Amino acid sequence: MTQTSVAEPVIEMQGISIAFPGVKALDGVDFRMFPGEVHSLMGENGAGKSTLIKALTGVYGIDAGTITLAGDQVSFSGPAQAQAAGISTVYQEVNLLPNLSVAENIMLGREPRRFGSIDWRAMRRRAAALLEGLNLDLDPGSLLGDHSLAVQQLVAIARAIDVQAKVLILDEPTSSLDADEVAELFRVIRSLKEQGVAILFVSHFLDQVYEICDRLTVLRNGSLVGEYLVEELLRIDLVQKMIGKELTTLDDLEQRARSVVVDESDAALFVNAEGLGRRGAINPADLPIAAGEVVGLAGLLGSGRTELARLLGGIDRADQGELAIRGKVTKLRTPRQAISNRIAYSSENRRDEGVVGDLTVRDNIVLALQADRGWFRPIPAKRRDELTQSYIQALNIRPGNPDALVRNLSGGNQQKVLLARWLAIAPRLLILDEPTRGIDIGAKAEIQKLVFNLAENGMSVLFISAELEEVLRLSHRIVVLRDRHVVADLENDGLTVDSLLALIAEGSSDDEVPDASAGMPLAGAAVPAVPAVPAVPAVPAVPGVPGADRPHDSAASDTDPTPTDPTGDPR
Amino acid sequence: MTKLLDAPERPLRSSGPSGPAPRAGLARRIRNLLTSPKYGPVTVTAVLFVVIFIAGGVRYRGFFSGQVLLNLLVDNSYLIVLAVGMTFVILTGGIDLSVGAVVALSGMIAASLLQTGWSPAAVIPLILVLTSILGLLVGLMIHVFKVQPFIATLAAMFLARGLCYVISQSSISITDPTFVQLAVARIPLGGNLSITPSVIIAVVVVAIAVWVLHATRFGRTVYAIGGGEQSGLLMGLPVARTKVLVYVISGFCSGLAGVLFTFYTLSGYPLTAIGTELDAIAAVVIGGTLLTGGYGFVLGSVLGVLVLGIIQTIITFEGTLSSWWTKIFIGALLLVFIILQKVLTSRRR
């Protein structure tokens, strides 16, 4: 926007640093917003977006740096103060009261009063005027809880702007809205923009960012990558900046064991999802997985990769489509049902949904098996010890003490304990959601090697990782998701990080991909590799994968906090 | 009356997205009313009350009279006052188990002080101040030390009950002329109908409570806390102050209910009003206040008390049934209502 680039920024944050115990959440980040402009803050999980917003709204104190609001240096001690100064926030989870009327939700705490009584009529008039200002046709007297989430979101915005907001922060406002509702929200955002409000729009959806935003700031691992005008930044460049891979350094990726011939006839399909979806989480998707096949899910955070995996693992119930397991249509209502169908889901949220920190390594490993047997048939102590010992050795869990408390183990070893737990029930399909996040290179290589061996022995694996190299290295097939849609389902044959990035960013159709990667040096090498059937020689190559020990790779894994970290996005 | 007081915020539903089309059928409208967490349960209670009253009138001679209805108020005025205080607490999502013991305690204080020659004009305000202070302490315990309301009020319950025995082990009768006067006084309403002064006090308390909950910022904050305490905080509402105040109100109402109860019994007895807190909670829940808070009306709670009262009346009229059947009916009714709340409100979206 030309008229805004000459204006003074309404918010200017300079050299903001915030440290939490053990993590530098923000490191000298600069950030500014102009009036009448929609600004987006972009970055993957743990990049520091939430922390920056919380620094701006006074939830967190800052360790270093300055915040300037309309020319005056400010420091807020809490959200109420920030709001009084004109910085309003609408959170992802709508923080309103479903049991009260729309008018009350807008006016609560500022109700017009007459003779000590709330003047309901004046209150509803004022609320109606505000809603009209946002072009919302809404009865202010109706209960908020009777309206859809989208409308509630707009009511939250109405409340936010009633306090004369100069800056409006929308944190993931569209994450639970459908297309029409998003359009309605965007209409409101545009009208606010015309009134000169600076709007910070945080979203995982690239399409939306490109539709509504004028300017964006990219963060990665708590540091500023840069500030860009949206119209001058190609999507693919944006994704690279967020993920932090320089394409030029990826050309030397070696050919991996993607040549395994997997029998994909219907008879060999272990699971086959057709049109499987869940409203508000993932659009209907097809996902066949053959026995012994490793299927990678690639996509940005919020693309639906975890949501799809959770449907297969019985964690969330699908409300659309059907799932066939060994050719038989089955409805998975609980993880327990999935487990009895020999499907195990290992969560990305290792600490909260995975290991039990206060139990020993042994207890953690036998947990799922014992639950599967039923609690009235305890596993004999001897069998328990054997099992634990064999997994400690097989997975190289350190310390190799079955009585050690899991919370004292490193992230990588915790992950191995979690893997051992699921392997103990001998699953036919193992769903690994970000199994290598936040763990060191050695453990990462070991886990990758393990996935290989498991698949060779006929186990199906659904592998999710934010690291595209890893997905490429391990998967026979790669399913690409974007904005909760499956946008491509490809044999891992001649695919490169570049072509995957292109798919993630743009979602081009399947047949364009070979063209896109044709020019890459890798593509030529990939073709002759296909007939070389045996996967075995490829396995030893795993620990020495060049991608795994590049310096920036290790830096990423060291600083990448787990989702429960205070810097993590609230998901 | 319910209709009138609720009018200012009754959804018009003509332009709301989930409201029925203007020409929607009556069935649809009734369905919408019943599944509303706000109006559904209280509507069911009102219907139930009318049905029981008609059934009683058909079955028993002399049931169908104005005085039977008025006696519901006369016999339960103290319970109405208790239920009003309890409504405030439950609307915030809390609970107050101490009210029965506080009723007994205020009866004991009144009886012992009157026995030593204190004037009723000093005794009654003193009781109200003391029970309000007890409520304040409970509220502070809940707010400052983050004690569960269940536990904090349980502690207050034992404290109050214990203090009863400290005052006296046995029953103290009240002979103070003012109290006796208030106990026997009947206010004629014309015809053969009459009420007691206690009823007037209870009605005044209900009227004030309706106004406070409906038309003051404090009252709306009570609802807000029940709807979502965290959201209320983020909206900048005085959550802490309000949470403490509802227990003060409940304490005050318990004290007042204790005074009304002594008008009724003319004695103080340490074992009196055991389990009354549960009657009050039952009345509030049957009256349509959600135990999780956020939805409910004071007038609903009054209706809940009347339903409990009319069940008791029916059992009295039946003659052969033990009065313990009242408890069984109330228990069953409570269960049905809680399940009904869940079912009706979950139908919605």
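Keep in mind that this is a model prediction, so the values were computed, not measured.

### Details of the overall build of chain A
No. 1: Of regular secondary structure, chain A possesses 22 helices and 22 strands.
No. 2: Out of the 571 residues in chain A, the part that is buried amounts to 51%.

### Observations regarding the sheet that holds strand β17 (residues 328–330) of chain A
Residues and elements named next belong to chain A.
No. 1: Spatially, the 4 strands line up as an open sheet ordered β14-β13-β16-β17, and their pairing is antiparallel. Edge positions in the sheet fall to β14 (282–290) and β17, since each of these pairs with one other strand and no more. Looking at each pair of strands side by side, their axes are set apart by 20° on average, direction ignored.
No. 2: As paired strands, strand β13 (residues 269–278) and β14 are joined by 6 bridges and run antiparallel to one another. Bridging across to β14, Leu269 finds its partner in Ala290.

### As for the packing of helix α8 (residues 177–184) of chain B against helix α12 (residues 239–265) of chain B
Residues and elements named next belong to chain B.
No. 1: Contact geometry for α8 and α12: axes closest at 8 Å, N-to-C directions at 80°. Our classification of the angle between α8 and α12 gives roughly perpendicular. Here α8 contributes Phe179, Leu182 and Ala183 to the contact with α12, which in turn contributes Thr262, Phe263 and Tyr264.
No. 2: A breakdown of the residues in the contact of α8 with α12 according to their chemical character gives 5 nonpolar, 1 polar and no charged.

### Notes on the nonpolar core
No. 1: Of all hydrophobic cores here, the largest spans 248 residues; its most connected members are Leu462 and Leu500 of chain A together with Val81 and Ala83 of chain B.
No. 2: For this core, the leading source of residues is helix α4 (residues 66–91) of chain B, giving 14 residues.
No. 3: Once you skip the residues sitting within four places of it in the chain, Leu462 of chain A turns out to touch Ile289, Val295, Leu297, Ala309, Leu312, Leu429, Ile431 and Leu432 of chain A.

### Remarks on the UniProt feature "transmembrane region" (unreviewed entry) in chain B
All names here are of chain B.
No. 1: Using the residue numbers shown here, the UniProt feature "transmembrane region" (unreviewed entry) corresponds to residues 39–58, 78–111, 123–144, 150–168, 189–213, 244–266, 278–311 and 323–340.
No. 2: For residues 39–58, helix accounts for 95% and strand for 0%, while the C-alpha atoms at its two ends are 29 Å apart.
No. 3: Between the C-alpha atoms that bound residues 244–266 the distance is 32 Å, and the span itself is 96% helix and 0% strand.

### What to know about helix α18 (residues 497–506) of chain A
No. 1: Counting buried residues along α18 of chain A, 8 of its 10 residues qualify, which places the element largely inside the surrounding structure.
No. 2: For α18 of chain A, the complete set of buried residues consists of Val497, Asp498, Ser499, Leu500, Leu501, Ala502, Leu503 and Ile504 of chain A.

### Description of the environment of Val68 of chain B
Residue and element names in this part refer to chain B.
No. 1: Relative to the assigned elements, Val68 resides in helix α4.
No. 2: A sequence separation of 125 residues divides Val68 from Leu193, and the C-alpha atoms of the two residues are 9.4 Å apart.
No. 3: Residues within four places of Val68 in sequence aside, it is in contact with Phe63 and Thr313.

### Quick notes on unusual backbone geometry
No. 1: Of note in this structure, Asp483 of chain A is not a glycine but carries a positive phi near 50°.
No. 2: By the element assignment, Asp483 of chain A lies in the loop between β21 (477–482) and β22 (485–491).
No. 3: Residue Asp483 of chain A is classed as partly exposed on the basis of its C-beta count, with 18 C-beta atoms lying within 10 Å.
No. 4: The phi torsion at Leu266 of chain B lies on the positive side, around 55°, for a residue other than glycine.

### Side note on the packing of α4 of chain B against α12 of chain B
Residues and elements named next belong to chain B.
No. 1: Direction vectors running N to C along α4 and α12 enclose 175°, while the axes themselves pass 8 Å from each other. By the angle between their axes, α4 is roughly antiparallel relative to α12. Contacts between α4 and α12 involve Ser77, Tyr78, Val81, Leu82, Val84, Gly85, Met86, Phe88 and Val89 from the former and Val246, Tyr247, Ile249, Ser250, Phe252, Cys253, Ser254, Leu256, Ala257, Leu260, Phe261 and Tyr264 from the latter.
No. 2: Tallied by class, residues from the contact of α4 with α12 come to 17 nonpolar, 4 polar and no charged.

### A word on the sheet that holds strand β3 (residues 38–42) of chain A
All names here are of chain A.
No. 1: The sheet built from 6 strands is open, its strands ordered β6-β9-β10-β3-β11-β12 with mixed pairing. Both outer strands of the open sheet, β6 (87–90) and β12 (223–229), are each paired with one neighbouring strand and no more. The mean inter-strand angle of the sheet, taken between neighbouring strand axes irrespective of direction, is 20°.
No. 2: Bridge analysis of β3 against strand β11 (residues 215–220) gives 4 bridges, and the strand direction is parallel. Bridge pairing in β11 places Met42 opposite Val218.

### A look at the pairing of strand β15 (residues 294–298) of chain A
Residue and element names in this part refer to chain A.
No. 1: Most of β15 sits out of view: 5 of its 5 residues are buried.
No. 2: Across the two faces of β15 the burial is the same, with Val294, Gly296 and Ala298 and Val295 and Leu297 all buried.
No. 3: Summarising the sheet, β15 and strand β20 (residues 460–464) pair through 4 bridges and their orientation is parallel. Its bridge partner lying in β20, Val295 is registered against Leu462.
No. 4: Looking at chain direction, β15 and β21 are connected through 4 bridges and run parallel. In the sheet register, Ala298 faces β21, and the bridge partner there is Val480.

### Details of the confidence of the model for chain A
Residue and element names in this part refer to chain A.
No. 1: Mean pLDDT over chain A: 77, with 80% of residues reaching 70 or higher.
No. 2: In the model, residues 246–261 has pLDDT below 50 throughout and makes 32 contacts with residues more than four positions away in sequence or in other chains.
No. 3: Low confidence marks residues 507–571, where pLDDT is under 50. Its contacts with residues over four positions away, or in another chain, come to 118 contacts.

### Here we look at the environment of Val356 of chain A
Residue and element names in this part refer to chain A.
No. 1: With respect to the secondary-structure elements, Val356 resides in the loop between α12 (350–353) and α13 (361–373).
No. 2: Between the alpha carbons of Val356 and Leu418 there is a distance of 9.4 Å; along the sequence they are 62 residues apart.
No. 3: Filtering out sequence-adjacent residues up to four positions away, Val356 remains in contact with Asn364 and Val406.

### Observations concerning the confidence of the model for chain B
No. 1: For chain B, mean pLDDT is 85; residues scoring 70 or higher make up 91% of the total.
No. 2: Here residues 1–22 of chain B is a poorly scored stretch, pLDDT under 50, and it has 41 contacts once near neighbours within four places are set aside; other chains count.

### Topic: helix α6 (residues 120–144) of chain B
Because the α-helix completes a turn every 3.6 residues, residues three or four places apart line up on one side.
Residues and elements named next belong to chain B.
No. 1: Under the 1.5 Å per step criterion, the end-to-end length of α6 is 35 Å for 25 residues, consistent within 8% with the ideal 36 Å.
No. 2: Looking only at α6, the buried set comprises Val123, Ile127, Thr131, Ser132, Leu134, Gly135, Val138, Gly139, Met141 and Ile142.
No. 3: Where α6 is buried, its residues touch α5 (99–115), α7 (149–167) and α12.
No. 4: In the stretch just after α6, Lys146 is the one whose phi turns positive, near 55°.

Scoring rules and cut-offs
Residues numbered from 1 in each chain as written. Chains lettered and ligands numbered in written order. Predicted model: local features only at pLDDT ≥ 70, side-chain atom pairs only at ≥ 80, totals over all residues. Helix = DSSP H or I, 4+ residues; strand = E, 2+ residues; numbered from the N terminus. Buried ≥ 20, exposed ≤ 12 C-beta atoms within 10 Å, placed from the backbone. Pairing = 2+ DSSP bridges. Axes fitted to C-alpha atoms, helices over the stretch in contact; angles between N-to-C directions. Parallel < 35°, antiparallel > 145°, perpendicular 65-115°, else oblique. Contact = placed C-beta atoms within 7 Å. Nonpolar A, V, L, I, M, F, W, Y, C, P; charged D, E, K, R; others polar. Core = buried A, V, L, I, M, F, W, Y, C linked by C-beta atoms within 7 Å. UniProt positions renumbered as here; feature names shortened; annotations may be inferred. pLDDT = per-residue confidence, 0-100. Expected span 1.5 Å × (residues − 1).

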